[in-house]
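Next come the chains, spelled out residue by residue.
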Amino acid sequence: MNPKVTTIPATKAVRSGATPAPVTAKRRVAGYARVSTGNEDQATSYEAQVGYYTAYITGRPDWELVKIYTDEGISGTSTKKRAGFQEMIRDALDGKIDLIVTKSVSRFARNTVDSLTHVRSLKEAGVEIFFEKENIWTLDAKGELLITIMSSLAQEEARSISENVTWGHRKRFAQGKAIIPYSSILGYKEGPDKTLVIDETQAPIVRRIYDLFLEGCSMQRICDILEAEGHRTVRGNSHWNIGTIRSILGNEKYKGDLLIQKTYTADFLTKEVRPNEGEVPQYYVEGHHEAIIDPDTWMQVQYELATRYNDRRSKTSVFSSRLVCADCGSWYGRKVWHSGSKYQSEAWRCNNKFAGEHKCTSATLRPTQIEELFMQAVRNLASHLRELDEVLPQAVAEALDTTDQRQEHEAVQEELARVVEQMEELVALNARTAKHRAGFLTTYEELDARRVELEEREAALAESITGTDHRRSIVLAAFQELRKSGTPIEFSPRLWVSLIEDAVVSDAEITFRFKAGQEISIPI
């Protein structure tokens, strides 16, 4: 049996090389121009691109200009934030464009995935792209291969640029030079030589926030007060939120210091910024600029942040998490009696007073009682100021000495560096000599386990040293607060917060434990 073969002749010409297919009707053509920075030289380049493509497209009798789409001052590593680019793609997919002309693959996208995704989606819609520099037409048979190669090269170029910029930033960071968002820091403005200078139109707000916090106000209460007083945030908003207050209270810039590289860019393509939790080095610069808050006050606030917000309970009073039941060890809580009536009153008692079978015998106290008992203890302590002035600094220095811890910390860091170096040498040796894999892995895992152990010990020592240093500053600051106030007559929340660690309440007395280390018991 002989099959019959019938030839169906071709009706369209096949293109070859880098020449667009001939068409009888005019092609609707768009141009795309982009520069990645906003400086003057780039602005000239931007205008030149727009002018060039306008003349280039209108000068072709077989082309009809649709529009010149542009993005100015936008990075090419991702297309998501390029409004002009996104508009052009939408118009092309909607059938408004037949051909897109642009300078080069890197102008179009430095991200291989983005580039190929858009090229393929446009190709499926019958839209062609012409990259003038590389002379690539994407509907050509070899176009996608060339696009893949050129996009990869453009992406690697972007990676190299990103790494060079990052390296430059970190070299400046190591010298104590930071990139500072001046417009985002309440109380400061940009001064000569890009220094931080106190803005006295805003600095009083910062001082007000610190004072209110040390007077026992909760963060929400501080927000309410600032709004009632008509103060505005650094962005000019009349509404304050807890996150803003917490950020201001914990910002080292207000005591004149600067922590550099709190965040880092995790991906050069997406530009994703993440909090720096040890992934890259940080640099702490002391005395970088003039302080709005003195270091002792700042340290007191950090101590309060750590103690007042160390659990989920609401801290709405200066007495919260300060009064302890001598019977069961629980915290005292605020109780309101006859709420809403003319007989409404407030009292503080053990939160577990009636929990279980055992009833705590510790006393229930009214706020005025706590204040008066505290003032008796303060006056008692103040009478020994001269004696304390002679012995306290030395006692604190001896009790809170970190010399041994610092020496161990330094030794651990040195050993850690040696272990890391041994791991790197082992990897290099294995690559050169093809050492038996099982033996290599055993040695490597042993070194890696030691590395983890040393890193954990180094972190624990660093935290302990920092905590002890903070504690020493808090004790001395509390003592200075007492000296400054002399023999105070009236209770103030600031005095209570500055001086008291906690107070243990029994049925007969209350023992005040001062941050400076003294304990004074007063009969109830």
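What you are looking at is a predicted structure, and each value in this text was computed from that prediction instead of being measured. (Residues numbered from 1 in each chain as written. Predicted model: local features only at pLDDT ≥ 70, side-chain atom pairs only at ≥ 80, totals over all residues. Heavy atoms only, no water.)

S.K.: It is not clear to me how the sheet that holds strand β1 (residues 27-35) should be interpreted in this structure. Could you clarify?
M.R.: In a beta sheet, neighbouring strands are held together by backbone hydrogen bonds and run either parallel or antiparallel to one another. The strand order across the open sheet formed by 5 strands is β2-β1-β3-β4-β5, and the pairing between neighbours is mixed. Edge positions in the open sheet fall to β2 (63-72) and β5 (136-137), since each of these has one partner strand only. Here β1 runs beside β2; their pairing, made up of 9 bridges, is parallel. Across the sheet, the residue bridging to G31 is I68, located in β2. Seen against the sheet, helix α2 (residues 83-93) touches β1, β2 and β3 (99-102) and runs at an angle of roughly 150° to β2. (Pairing = 2+ DSSP bridges. Helix = DSSP H or I, 4+ residues; strand = E, 2+ residues; numbered from the N terminus. Contact = heavy atoms within 4.5 Å. Axes fitted to C-alpha atoms, helices over the stretch in contact; angles between N-to-C directions.)

S.K.: When you look at α2 in this model, what are you seeing that I'm missing?
M.R.: One full turn of an α-helix is made of 3.6 residues, so residues set three or four places apart face in the same direction. For α2, the set of buried residues is G84, F85, M88, I89, D91 and A92. One side of α2 carries all its buried residues, which in axial view fall inside an arc of 165°. Positive phi appears at G95, one or two residues downstream of α2, with a value of about 85°. (Buried < 20%, exposed > 50% of the residue type's maximum accessible area, 1.4 Å probe, protein only. Arc of directions from axis to C-beta.)

S.K.: Which parts of the structure should I look at to understand the sheet that holds strand β15 (residues 500-505)?
M.R.: With respect to topology, 4 strands assemble into an open sheet ordered β12-β15-β16-β17, the strand pairing being mixed. Taken across any chain shown, the strands that pair with only one partner, and hence form the sheet edges, are β12 (323-325) and β17 (519-523). Within the sheet, the average angular offset between the axes of one strand and its neighbour, ignoring direction, is 25°. Against the sheet, helix α10 (residues 367-382) engages β12, β15, β16 (509-514) and β17, with an angle of about 55° to β16.

S.K.: Hey, could you run me through the pattern of salt bridges in this one?
M.R.: In a structure, side chains of opposite charge can pair up when their charged atoms sit close to one another. The final tally for this structure, using the stated rule, is 17 salt bridges. Here R208 and E229 are joined by a salt bridge, their closest N and O atoms 2.6 Å apart. Here R208 is found in helix α6 (residues 203-214), whereas its partner E229 is found in the loop between α7 (219-228) and α8 (242-249), with 21 residues between them in sequence. Overall, R208 belongs to the partly exposed group, its relative accessible area being 28%. Exposure remark for E229: the relative accessible area of 39% places this residue in the partly exposed category. The partner of E455 in a salt bridge is R451, and the shortest N-O contact between them spans 2.9 Å. Residue E455 and its partner R451 are both found in helix α13 (residues 437-485); the two are separated by 4 residues, about one turn of the helix. When salt bridges that share partners are traced, they join E415, R450 and E453 into one network. (Salt bridge = Lys/Arg side-chain N within 4 Å of Asp/Glu carboxyl O.)

S.K.: Mind showing me how you'd approach the nonpolar core here?
M.R.: Formed by 64 residues in total, the largest nonpolar core has its most connected members in Y254, F374, W496, F512 and F514. Within the second largest apolar cluster, 17 residues are counted, among which are A30, V105, V127 and I129. (Core = buried A, V, L, I, M, F, W, Y, C linked by side-chain atoms within 4.5 Å.)

S.K.: Quick question: what am I supposed to make of the side chain of E128 here?
M.R.: Tracing the sequence through the fold places E128 in strand β4 (residues 128-131). With a relative accessible area of 1%, E128 lands in the buried category. Only 3.3 Å separates the side chain of E128 from the backbone nitrogen of L139, close enough to count as a polar contact. (Polar contact = N/O pair within 3.5 Å; in protein donor to acceptor, adjacent residues only side chain to side chain.)

S.K.: Which parts of the structure should I look at to understand the packing of α6 against α7?
M.R.: A pair of packed helices is characterised by two quantities: the angle between their axes and the separation of those axes. Contact geometry for α6 and α7: axes closest at 10 Å, N-to-C directions at 140°. It follows from the interaxial angle that α6 and α7 lie oblique. Along this stretch, α6 crosses α7, giving a crossing that reads as right-handed. Contact residues: α6 offers I205, R208, I209, L212 and F213, while α7 offers M219, I222, I225 and L226. Class assignment for the residues of the contact of α6 with α7 results in 8 nonpolar, no polar and 1 charged. (Parallel < 35°, antiparallel > 145°, perpendicular 65-115°, else oblique. Left-handed = near helix turned anticlockwise from the far one by under 90°. Nonpolar A, V, L, I, M, F, W, Y, C, P; charged D, E, K, R; others polar.)

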